[in-house]
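Examination of the molecular architecture
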Amino acid sequence: MSEITITDTDQRRAADQLLDVREDFELTEGMIPGAIHIPMGELNARLGALDRALPVIVVCRSGNRSARVADALTGAGYAADTMAGGMIAWQRAGLPVA
């Protein structure tokens, strides 16, 4: 697991899986277009929604939860990174949200 920048995430998001682990109520602030939403607490039950063959970039509000999830995914055999700064940094940079 490594921490990648919002710029790296923006460049990789067309080819990699973006996993948003925020809670449902946090999505009112917007999601990165194309992201898969699985709240952190539901991840174990919904791992099948992720393609093990594709890298995963994990996103949360500030980067704390996503780092824990990326570590867990790496331990489960996924190639997973966390986006530094989370959605706060993404939106502050003016990058697209849906």
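Now for a quick tour of the structure. (Residues numbered from 1 in each chain as written. Predicted model: local features only at pLDDT ≥ 70, side-chain atom pairs only at ≥ 80, totals over all residues. Heavy atoms only, no water.)

On to the side chain of His-37. Structurally, His-37 is set in strand β3 (residues 36-37). Judged by relative accessible area, which is 16%, His-37 ranks as buried. Of the polar contacts made by the side chain of His-37, one reaches the backbone oxygen of Arg-22; its length is 2.7 Å. Leaving out residues up to four positions away in the same chain, His-37 has contacts with Asp-20, Arg-22, Glu-23, Asp-24, Leu-27, Met-31 and Arg-46. (Helix = DSSP H or I, 4+ residues; strand = E, 2+ residues; numbered from the N terminus. Buried < 20%, exposed > 50% of the residue type's maximum accessible area, 1.4 Å probe, protein only. Polar contact = N/O pair within 3.5 Å; in protein donor to acceptor, adjacent residues only side chain to side chain. Contact = heavy atoms within 4.5 Å.)

Ranked by size, the top nonpolar core spans 13 residues in total, and within it Leu-19, Leu-43, Val-56, Val-58, Val-69 and Leu-73 carry the most contacts. Mapped onto this core, the elements with two or more residues apiece are β4 (56-59) and α2 (64-75). Filtering out sequence-adjacent residues up to four positions away, Val-56 remains in contact with Gln-17, Leu-19, Leu-73, Tyr-78, Ala-79, Ala-80 and Asp-81. Residues Ile-6, Ile-32, Met-83 and Met-87 belong to the second largest nonpolar core, which totals nine residues. (Core = buried A, V, L, I, M, F, W, Y, C linked by side-chain atoms within 4.5 Å.)

This next bit is on the pairing of strand β2 (residues 17-20). Here β2 shows a buried face lined by Gln-17 and Leu-19 and a second buried face lined by Leu-18 and Asp-20. Judged from the four bridges that link them, β2 and β4 form a sheet pairing that is parallel. Each bridged residue has a counterpart across the sheet, and for Gln-17 the counterpart in β4 is Val-56. Relative to β3, β2 is paired through two bridges, and the arrangement is parallel. (Pairing = 2+ DSSP bridges.)

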